[in-house]
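A look at the structure
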Amino acid sequence: MMGNTSGKYNEGYSHPDSKHKIISVLVGFSTEWPYERGRLRLLRSNDRKDYAFEYAPEFGRILMFRVCDHSWHGFLPQKGKQMSLQLCYVDSKWYALKENVRHRLSSFAKSLPIVRQIIYWAPRSLGGKG
């Protein structure tokens with residue numbers, strides 16, 4: 001899945017990923033990432049301030065990690081163009097197909113101007129969930 005989050009706002013709440021994912025790989029394609037925020041944080045807990053490592057989505061940078069029930073990650077809110085490729089190795093074809101349908105529906109919805117406007121105006125919290 002290629003993500004080009006050139007939208008107005010991104011919020012990366014802390015989460016450990018689905019139990020169906022085994023490995024996650026991120027490949028950065030942004031020409032630069034000059035921002036202090038918006039880097040993916042590998043967390044020690046569900047608190048985004050308790051991080052062990054930060055990954056900026058700069059061109060050619062790759063991050064790979066094994067997913068488990070305590071592989072928490074997320075990022076602080078940031079406006080800015082972010083391009084990356086995410087690859088996930090999952091445990092079943094059923095899960096891969098389900099996620100593909102979900103991502104296609106989500107992408108379609110976000111392509112609609114009214115939905116993009118709702119997302120833009122939705123209240124955001126710097127604290128958020130974790």
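Here the structure is a predicted model, which means the values were calculated and not measured.

**Focus: the overall build of the chain**
Looking only at helices and strands, the chain features 2 helices and 8 strands. Moving toward the C terminus, one meets the helices and strands of the chain in the order β-β-β-β-β-β-β-β-α-α. Residue burial in the chain is summarised as follows: out of 130 residues, 31% are buried. Excluding contacts between residues fewer than 6 apart, the proportion of contacts in the chain whose partners are at least 24 apart in sequence is 83%. Roughly 8,700 Å² of accessible area belongs to the chain as shown, and the carbon and sulfur atoms make up 60% of that amount.

**Some remarks on the packing of helix H1 (residues 93-111) against helix H2 (residues 113-121)**
Where H1 contacts H2, the axes come no closer than 5 Å and their chain directions differ by 90 degrees. Classified by the angle their axes make, H1 and H2 are roughly perpendicular. For the pair H1 and H2, the contacting residues are Ala109, Lys110 and Ser111 in the first and Pro113, Val115, Arg116 and Ile119 in the second. Here the contact of H1 with H2 is built from residues that sort into 4 nonpolar, 1 polar and 2 charged.

**Description of the packing of aromatic side chains**
Within this structure, the stated rule accounts for 2 aromatic pairs. Taking the centre distance of 5.8 Å and the plane angle of 75 degrees together, the rings of Phe29 and Phe59 count as edge-to-face. Here the residue Phe29 occupies a position in the loop between strand E3 (21-28) and strand E4 (40-43), and Phe59 occupies one in the loop between strand E5 (51-55) and strand E6 (62-66), the gap between them amounting to 30 residues. According to the relative accessible area criterion, Phe29 is partly exposed, its value standing at 28%. Considering the side-chain rings of Trp33 and Tyr35, the 4.7 Å spacing of their centres and the 75 degrees angle between planes classify their relative orientation as edge-to-face.

**Notes on a nonpolar patch on the surface**
Judged by side-chain polarity, Phe108, Leu112, Ile114 and Ile118 come together as a nonpolar surface patch covering roughly 410 Å² of accessible area. Following the sequence through the fold, Leu112 ends up in the loop between H1 and H2.

**With respect to the confidence of the model for the chain**
This prediction gives the chain a mean pLDDT of 84; 85% of its residues lie at or above 70. The spread of mean pLDDT over the elements of the chain runs between strand E1 (residues 2-4), the lowest at 42, and E6, the highest at 96.

**Looking at the environment of Arg66**
Along the chain, the position of Arg66 falls in strand E6. Along the primary structure Arg66 and Ile22 are separated by 44 residues, whereas in three dimensions their C-alpha atoms are 6.0 Å apart. Excluding its chain neighbours within four sequence positions, the residues that come into contact with Arg66 are Ile22, Ile23 and Ser71.

So, how was this worked out
- Residues numbered from 1 in each chain as written.
- Predicted model: local features only at pLDDT ≥ 70, side-chain atom pairs only at ≥ 80, totals over all residues.
- Heavy atoms only, no water.
- Helix = DSSP H or I, 4+ residues; strand = E, 2+ residues; numbered from the N terminus.
- Buried < 20%, exposed > 50% of the residue type's maximum accessible area, 1.4 Å probe, protein only.
- Contact = heavy atoms within 4.5 Å.
- Areas by Shrake-Rupley, 256 points an atom, 1.4 Å probe, with all protein chains shown as cover.
- Axes fitted to C-alpha atoms, helices over the stretch in contact; angles between N-to-C directions.
- Parallel < 35°, antiparallel > 145°, perpendicular 65-115°, else oblique.
- Nonpolar A, V, L, I, M, F, W, Y, C, P; charged D, E, K, R; others polar.
- Phe/Tyr/Trp six-rings, centres within 6.5 Å; stacked < 30°, edge-to-face > 60°.
- Patch = residues over 30% accessible without salt bridge, like charges linked within 9 Å, V, L, I, M, F, W, Y side chains within 5 Å.
- Salt bridge = Lys/Arg side-chain N within 4 Å of Asp/Glu carboxyl O.
- pLDDT = per-residue confidence, 0-100.

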